[in-house]
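The chain contents come next:
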2 protein chains.
Amino acid sequence: MYYLIILYLYSVKQYLFGKRAMSDPTVEFDVFNNLRDRLIAGAFEHGAKLRAEVLRVEYDCSASNIREILFRLSMAGLVDFQEQRGFRVPVQSKTRRHELAEMRILLEAEGLERSINNGGVEWEARLTGAHHKLSHIESRISSTGEVEPLAALWSVAEKEFHQTLLAACGSTLMQTTHGLIYDQFRQQVVNAKTNYGYYSDNIVDHKAILDAALDRNAPLARQKVHEHLARNLRENHADIDTK
Amino acid sequence: MYYLIILYLYSVKQYLFGKRAMSDPTVEFDVFNNLRDRLIAGAFEHGAKLRAEVLRVEYDCSASNIREILFRLSMAGLVDFQEQRGFRVPVQSKTRRHELAEMRILLEAEGLERSINNGGVEWEARLTGAHHKLSHIESRISSTGEVEPLAALWSVAEKEFHQTLLAACGSTLMQTTHGLIYDQFRQQVVNAKTNYGYYSDNIVDHKAILDAALDRNAPLARQKVHEHLARNLRENHADIDTK
DNA sequence: TAATACATTAATCTCAAAATTAATATAAAA
DNA sequence: TTTTATATTAATTTTGAGATTAATGTATTA
């Protein structure tokens with residue numbers, strides 16, 4: 001039928017203008033990652049509506065694409081969805097921050113202990129490298145006293161360090177689960193008006209965790225992870241709406 | 001403009017044929033839950049392709065609808081997605097079952113301890129009730145020796161019991177996370193050819209967990225949860241493809 | 001025979017518009 | 001004035017079809 005003609009014309013077009021490489025991500029994939037990063041980085045006001053039509057023009061794609069992506073992000077806990085009334089950025093609440101911190105402690109303490117037991121020298125090297133990059137950034141922050149200019153760099157370095165704690169735990173499920181929780185925690189804590197979730201104690205905290213890990217001291221490592229994150233169980237973050 | 005005429009005609013149609021109640025779930029919601037339940041119950045062969053066109057006619061909706069739902073289920077870990085080559089039922093693997101069991105132990109032990117510390121008499125009542133229903137079904141299974149006829153009933157009762165263990169832990173995040181893990185575990189274990197994940201030791205296991213919880217003996221409760229689930233870390237489930 | 005290129009089919013991905021519902025503004029009634 | 005009902009606008013949900021890519025079959029060549 002004439003379907004073949006269309007396919008042929010399409011192959012001619014591909015020959016003339018080139019085609020997308022198979023390894024390239026689709027539009028969906030691109031937009032998904034970008035939108036996720038923006039949600040984690042606090043690019044939207046908490047509680048703000050995420051209208052498909054608005055994002056559609058912003059990303060130059062269809063509303064269906066956006067809808068699929070928002071559904072996925074809602075399953076990742078980064079977007080709230082209500083039937084017939086659309087998608088929203090989750091509101092920041094003390095309770096939610098509290099629960100996310102607890103879950104991080106549970107997963108990172110357990111995962112780190114397993115990494116300490118299973119990991120070899122290559123894991124130690126990876127962890128040391130991640131810590132080096134992170135502490136470099138944090139010392140620059142502490143010298144200038146300004147988080148803002150280095151917030152983006154710090155975010156990726158801090159995530160890398162904490163993910164590496166679990167890198168040798170032997171369970172991809174534990175790592176991916178932790179990744180989801182970590183992102184939600186970051187979204188809850190990040191606030192453009194203040195410190196992006198950065199604290200001055202971070203330098204000593206991260207160092208203590210690193211040292212305990214390299215010493216293969218699992219109980220101490222668990223304790224240091226707990227101390228590092230337990231701050232979020234106490235402080236009120238008065239700058240953030242408590243709702 | 002003439003847009004209003006259409007809206008008016010639509011209101012006439014609603015008057016004549018009735019309209020969906022606001023509390024009713026949308027098509028999406030319905031199909032999502034049904035498809036999730038089927039995936040957990042083992043209605044599809046593991047590794048089977050989930051083609052949007054097939055499911056579309058089955059559920060009498062559009063392919064976009066199915067696509068959105070499959071994306072959501074993929075984020076829940078119940079469906080595998082690959083760009084440009086669609087959705088599949090996850091294959092059953094020993095590694096995955098192992099990791100899911102480990103995560104269940106971690107979450108249920110921790111969650112149960114917190115429930116023991118926080119829960120009141122109403123939680124005890126709920127747990128006792130859930131166990132009563134479960135043990136009733138399990139004793140019937142053990143007397144007949146046939147799991148099949150009661151598999152569906154047992155599945156919901158077992159989930160209810162294990163969810164109730166965390167019901168008073170004070171963290172909705174921990175409960176929802178556990179729910180996701182539990183469903184994936186069930187999907188991995190369920191196999192229509194064998195026992196749906198049921199074991200004869202379940203009766204004494206569940207009873208031991210209940211007793212420890214009612215005794216407010218957190219360490220013992222943790223141990224019993226571990227013993228109950230650790231079976232999945234040892235046995236090979238030779239009946240299931242190990243891949 | 002095996003491997004490669006091409007033709008064909010079948011799937012996935014993208015899109016825009018129609019169908020349906022929610023939200024808002026306005027008028028009528030209490 | 002307050003409330004309620006109605007008209008209007010704006011959003012979400014659903015659909016089907018076109019665009020693009022993957023998978024399969026067939027012929028050609030080494």
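Below you will find a few notes about this structure. Quick caveat: nothing in here was measured; it's all calculated off a predicted structure.

Procedures and definitions
Residues numbered from 1 in each chain as written. Chains lettered and ligands numbered in written order. Predicted model: local features only at pLDDT ≥ 70, side-chain atom pairs only at ≥ 80, totals over all residues. Heavy atoms only, no water. Helix = DSSP H or I, 4+ residues; strand = E, 2+ residues; numbered from the N terminus. Areas by Shrake-Rupley, 256 points an atom, 1.4 Å probe, with all protein chains shown as cover. Expected span 1.5 Å × (residues − 1). Buried < 20%, exposed > 50% of the residue type's maximum accessible area, 1.4 Å probe, protein only. Arc of directions from axis to C-beta. Contact = heavy atoms within 4.5 Å. Axes fitted to C-alpha atoms, helices over the stretch in contact; angles between N-to-C directions. Parallel < 35°, antiparallel > 145°, perpendicular 65-115°, else oblique. Left-handed = near helix turned anticlockwise from the far one by under 90°. Nonpolar A, V, L, I, M, F, W, Y, C, P; charged D, E, K, R; others polar. Least-squares fit on C-alpha atoms with pLDDT ≥ 70 in both. Salt bridge = Lys/Arg side-chain N within 4 Å of Asp/Glu carboxyl O. Patch = residues over 30% accessible without salt bridge, like charges linked within 9 Å, V, L, I, M, F, W, Y side chains within 5 Å. Core = buried A, V, L, I, M, F, W, Y, C linked by side-chain atoms within 4.5 Å. Phe/Tyr/Trp six-rings, centres within 6.5 Å; stacked < 30°, edge-to-face > 60°. Lys NZ or Arg CZ within 6 Å of the ring centre and 35° of its normal. Polar contact = N/O pair within 3.5 Å; in protein donor to acceptor, adjacent residues only side chain to side chain.

**Side note on the overall build of chain A**
At step 1: Regarding its fold elements, chain A presents ten helices and three strands.
At step 2: Mapped in sequence order, the helices and strands of chain A form the string α-α-β-α-α-β-β-α-α-α-α-α-α.
At step 3: When the accessible surface of chain A is split by element, carbon and sulfur atoms take 55% of a total near 12,500 Å².

**With respect to helix α7 (residues 151-165) of chain B**
All names here are of chain B.
At step 1: The terminal C-alpha atoms of α7 lie 21 Å apart, and with 15 residues this matches the ideal 21 Å at 1.5 Å per residue to within 8%.
At step 2: Restricting attention to buried positions, one finds in α7 the residues Ala 151, Trp 154, Ala 157, Glu 158, Phe 161, His 162, Thr 164 and Leu 165. Taken around the axis of α7, the buried residues stretch over an arc of 160°, which confines them to a single face. Along α7, the residues that are exposed and aim more than 90 degrees away from the buried face are Ala 152 and Val 156.
At step 3: As for α7, its buried residues are in contact with α5 (94-118), α6 (121-144), α8 (172-189), α9 (202-214) and α10 (218-234).

**Observations regarding the packing of α5 of chain B against α10 of chain B**
Residue and element names in this part refer to chain B.
At step 1: Contact geometry for α5 and α10: axes closest at 9 Å, N-to-C directions at 165°. By the angle between their directions, the pair α5 and α10 is classed as roughly antiparallel. As α5 packs across α10, the resulting crossing turns out to be right-handed. Between α5, through His 98, Ala 101, Glu 102, Arg 104, Ile 105, Glu 108, Ala 109, Glu 110, Leu 112, Glu 113 and Ile 116, and α10, the contact on the second element is made entirely by Ala 218, Ala 221, Arg 222, Val 225, His 226, Leu 229, Ala 230, Asn 232 and Leu 233.
At step 2: Residues belonging to the contact of α5 with α10 are distributed by class as follows: eleven nonpolar, three polar and six charged.

**So, the relation of the copies chain A and chain B**
At step 1: When chain A is brought onto chain B, the operation consists of a screw motion whose angular component is 180° and whose axial shift is 0.0 Å, with 0.1 Å RMSD remaining. Here the symmetry operator amounts to a two-fold rotation axis.

**Section: the environment of Ile 66 of chain B**
All names here are of chain B.
At step 1: Within the fold, Ile 66 resides in helix α4 (residues 63-75).
At step 2: Considered as a pair, Ile 66 and Ala 52 are 14 residues apart in the sequence and their alpha carbons are 5.8 Å apart.
At step 3: Setting aside residues no more than four positions away along its own chain, Ile 66 makes contact with Val 31, Ala 52, Leu 55, Arg 56, Tyr 59 and Cys 61.

**Here's the deal with the packing of helix α6 (residues 121-144) of chain A against helix α7 (residues 151-165) of chain A**
Residue and element names in this part refer to chain A.
At step 1: Following both chains from N to C, one finds α6 and α7 inclined at 150°, their axes separated by 9 Å at the closest point. In terms of orientation, α6 and α7 fall into the roughly antiparallel class. Where α6 crosses over α7, the handedness of that crossing is left-handed. The segment α6 lies against α7, with Trp 123, Arg 126, Leu 127, Ala 130, His 131, Leu 134, Ile 137, Glu 138 and Ile 141 engaging Leu 153, Trp 154, Ala 157, Glu 158, Glu 160, Phe 161, Thr 164 and Leu 165.
At step 2: The residue inventory of the contact of α6 with α7, partitioned by class, reads eleven nonpolar, two polar and four charged.

**Some points on the pattern of salt bridges**
Residue and element names in this part refer to chain A.
At step 1: Tallied over the entire structure, the rule returns 32 salt bridges over all chains.
At step 2: Between Arg 56 and Glu 53 there is a salt bridge whose closest N-O contact spans 3.4 Å. Of this pair, Arg 56 and Glu 53 both sit in helix α3 (residues 52-59), separated by three residues, roughly a single helical turn.
At step 3: A relative accessible area of 41% means that Glu 53 is categorised as partly exposed.
At step 4: The salt bridge partner of Arg 186 is Glu 158, with a shortest N-O separation of 3.3 Å. Separated by 28 residues along the polypeptide, Arg 186 in helix α8 (residues 172-189) and Glu 158 in helix α7 bring together distant segments of the chain.

**Some thoughts on a nonpolar patch on the surface**
Residue and element names in this part refer to chain A.
At step 1: Residues Ile 5, Tyr 8, Leu 9, Val 12, Tyr 15 and Leu 16 make up a contiguous nonpolar surface patch of roughly 720 Å² in combined accessible area.
At step 2: Residue placement: Tyr 8 occurs in helix α1 (residues 3-17).
At step 3: The class of Tyr 8 is exposed, set by a relative accessible area of 56%.

**So, the nonpolar core**
At step 1: By size, the foremost hydrophobic cluster in this structure holds 80 residues, and its most contacted members are Met 103 and Leu 112 of chain A together with Met 103 and Leu 112 of chain B.
At step 2: Dropping the residues within four chain positions of it, Met 103 of chain A is found in contact with Ile 181 of chain A together with Leu 107, Leu 173, Met 174 and Thr 177 of chain B.

**Observations regarding unusual backbone geometry**
At step 1: The backbone phi angle of Asp 60 of chain A is positive, close to 55°, even though this residue is not glycine.
At step 2: Its location among the elements puts Asp 60 of chain A in the loop between α3 and α4 (63-75).
At step 3: Residue Gln 84 of chain B is not a glycine yet carries a positive backbone phi of 65°.
At step 4: Judged by relative accessible area, Gln 84 of chain B falls into the exposed class, the value being 61%.

**A word on the packing of aromatic side chains**
At step 1: By the definition in use, this model includes six aromatic pairs over all chains.
At step 2: Note on Phe 71 of chain B and Phe 87 of chain B: the rings are 5.2 Å apart at their centroids and 85° apart in plane angle, and the pair reads as edge-to-face. Separated by 16 residues along the polypeptide, Phe 71 of chain B in helix α4 and Phe 87 of chain B in strand β3 (residues 87-88) bring together distant segments of the chain.
At step 3: Taking the relative accessible area as the measure of exposure, Phe 71 of chain B reaches 1% and is therefore buried.
At step 4: One cation-aromatic arrangement involves Arg 104 of chain A over Phe 185 of chain A; the distance from NZ or CZ to the ring centre is 4.8 Å.
At step 5: Positioned over the ring face of Phe 32 of chain B is Arg 72 of chain B, at 4.3 Å from the centre of the ring.

**Re the environment of Ser 115 of chain A**
All names here are of chain A.
At step 1: For Ser 115, the location among the structural elements is in helix α5 (residues 94-118).
At step 2: Classification of Ser 115 by relative accessible area gives buried; the value is 0%.
At step 3: Here the alpha-carbon distance between Ser 115 and Ala 213, two residues 98 residues apart in the chain, equals 8.7 Å.
At step 4: The contact partners of Ser 115, leaving out residues within four places of it in the chain, are Trp 123, Leu 165, Leu 166, Ala 167, Ala 168, Cys 169 and Arg 216.
At step 5: Of note is the side chain of Ser 115, whose polar atom sits 3.0 Å from the backbone nitrogen of Cys 169.

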